Amino acid sequence: MTCNLTYSQTFPIVGEINSLFNCECLLCLFFCTVCLDGTLPGYHLHRGYGFGANSWLIQLEGGGWCNSVRSCIYRKTTRRGSSKYMEKVIPFTGILSNKAEENPDFFNWNRIKLRYCDGASFTGDSQDEASKLYYRGQRIWSAAMEHFMSLGMKSANQVLLSGCSAGGLASILHCDEFGALFPRSTKVKCLSDAGLFLDAVDVSGGRTLRSLYGGVVSTQQLQKDLPSSCTNHLDPTSCFFPQNLIANIQTPMFLLNAAYDAWQVQASLAPPTADPHGDWDDCKKNHAECNATQINFFQDFRNQMLNAVKGFSTSKRNGLFLNSCFAHCQTERQDTWFADDSPVVDQKTIAQSVGDWYFDRMSVKAIDCPYPCDSSCHNLVFK
């Protein structure tokens, strides 16, 4: 199915600007819920029906981050920083599908995709007047939740906050905030897909992702928006890393991640800045081209991921699915979410595992054996 971009009082896109926020004057932008460039954010909604009419799934879009004024200025010329460039209609597949044969547990829920245009995983509430940049991720999050509650989510009997990549990080950052919106009678859980970004050493011995995250935190002044349970004993950049957050989340959380996350391989472990001679180019494009030393480097990364979730996984309320694949964002793609040849761990697909956990059918702590044992992977190969 496809789903149109939704206009509303809080989130109009192009035209039909409503009077709830008067964002037509530059002065008013300080008070508004806006994307990086000052345009209003948006979402896509497909209403639930039948026994799912009172259940809600919120999917937070991903799409990286901007870590400097320069990169944020560029970002506002794309759909990741301006609603002017967002598609008005997008396909709803995987966890957003409305077909029972594609999405057995959530197909008839109210399903929303909240578009991502702030560059900091829906955190931040500041602005750079000189560069005309508006860092309003936290405000977008808060206004969106208030709006969705007004659409009927406040009366939901069960809700799931999910997200992929930067949206997966956002689901971790906002999970308890989301849980606090509802009474105890509402079943509330969170799902992070490909959001377990590690503070890992790259192939040159540096920390590429820590440097990137440090830029995001300082550029968008995120210190005040990060969980105090972390910032009261760690620096703000460390508190943008999920490994320092997940142990303190009180709302039930499911972590879905590829142990050899394809984005982290490309952008964190072996980026061009850490590999100026291109020794890792063939390997990071196609894992089949990696030599033994390179595979061992990836095995160490997997071990770091296992260590990062060790405490998290001891909680009965949490769920875990770590498959030994070179993949990224497996809930949004139909072939990896639920299909005849989808990836499996313990003979269960991702959709089945998430459903078993959400509906308390069984405990799910699925950890795959190391590469290359899993033949069910849909590994990403880059040309």
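Taking an unreviewed UniProt entry as the reference, the chain is identified by name as Pectin acetylesterase belonging to Linum tenue. What UniProt states about the chain under its Function (unreviewed entry) heading is, verbatim, "Hydrolyzes acetyl esters in homogalacturonan regions of pectin. In type I primary cell wall, galacturonic acid residues of pectin can be acetylated at the O-2 and O-3 positions. Decreasing the degree of acetylation of pectin gels in vitro alters their physical properties."

A. Looking closely at the environment of Q220. With respect to the helices and strands, the residue Q220 is situated in the loop between α4 (208–219) and α5 (228–231). As a C-alpha pair, Q220 and H147 span 73 residues in sequence and 24 Å in three-dimensional space. Ignoring sequence-local partners within four residues, the contact set of Q220 consists of C66, C72, D118, G119, A120, T123, G124, S126 and Y135.

B. Fine view of the state of the cysteines. Here the structure, examined in full by the defined rule, presents eight disulfides. A sulfur-sulfur distance of 2.1 Å marks the disulfide that ties C66 to C72. Given an S-S torsion of about 85°, the disulfide between C66 and C72 has right-handed geometry. Classification of C66 as buried rests on a relative accessible area of 1%. Overall, the relative accessible area of 0% leaves C72 in the buried class.

C. Inspection of the nonpolar core at higher detail. In terms of nonpolar packing, the biggest core is built from 71 residues, with M153, F178, F240 and F298 touching the most fellow members. Sorting elements by how many residues they give to this core places helix α3 (residues 166–179) first, with seven residues. Excluding its chain neighbours within four sequence positions, the residues that come into contact with F240 are W65, A120, S121, T123, L169, L173, Y213, V216, V217, L222 and L226.

D. Spatial organisation of the side chain of H328. By secondary structure assignment, the location of H328 is in the loop between β11 (319–323) and α9 (334–337). The exposure class assigned to H328 is buried, which follows from its relative accessible area of 15%. Among the polar contacts listed, one links the side chain of H328 to the side chain of S165, at a separation of 2.9 Å. Of note is the side chain of H328, whose polar atom sits 2.8 Å from the side chain of D261.

E. Highlighting the side chain of S238. Along the polypeptide, S238 turns up in the loop between α5 and β10 (253–258). Overall, S238 belongs to the buried group, its relative accessible area being 7%. With residues near it in sequence (within four places) discarded, S238 still touches R210 and N244.

About the criteria used
- Residues numbered from 1 in each chain as written.
- Predicted model: local features only at pLDDT ≥ 70, side-chain atom pairs only at ≥ 80, totals over all residues.
- Heavy atoms only, no water.
- UniProt positions renumbered as here; feature names shortened; annotations may be inferred.
- Helix = DSSP H or I, 4+ residues; strand = E, 2+ residues; numbered from the N terminus.
- Contact = heavy atoms within 4.5 Å.
- Disulfide = S-S within 2.5 Å.
- Buried < 20%, exposed > 50% of the residue type's maximum accessible area, 1.4 Å probe, protein only.
- Core = buried A, V, L, I, M, F, W, Y, C linked by side-chain atoms within 4.5 Å.
- Polar contact = N/O pair within 3.5 Å; in protein donor to acceptor, adjacent residues only side chain to side chain.

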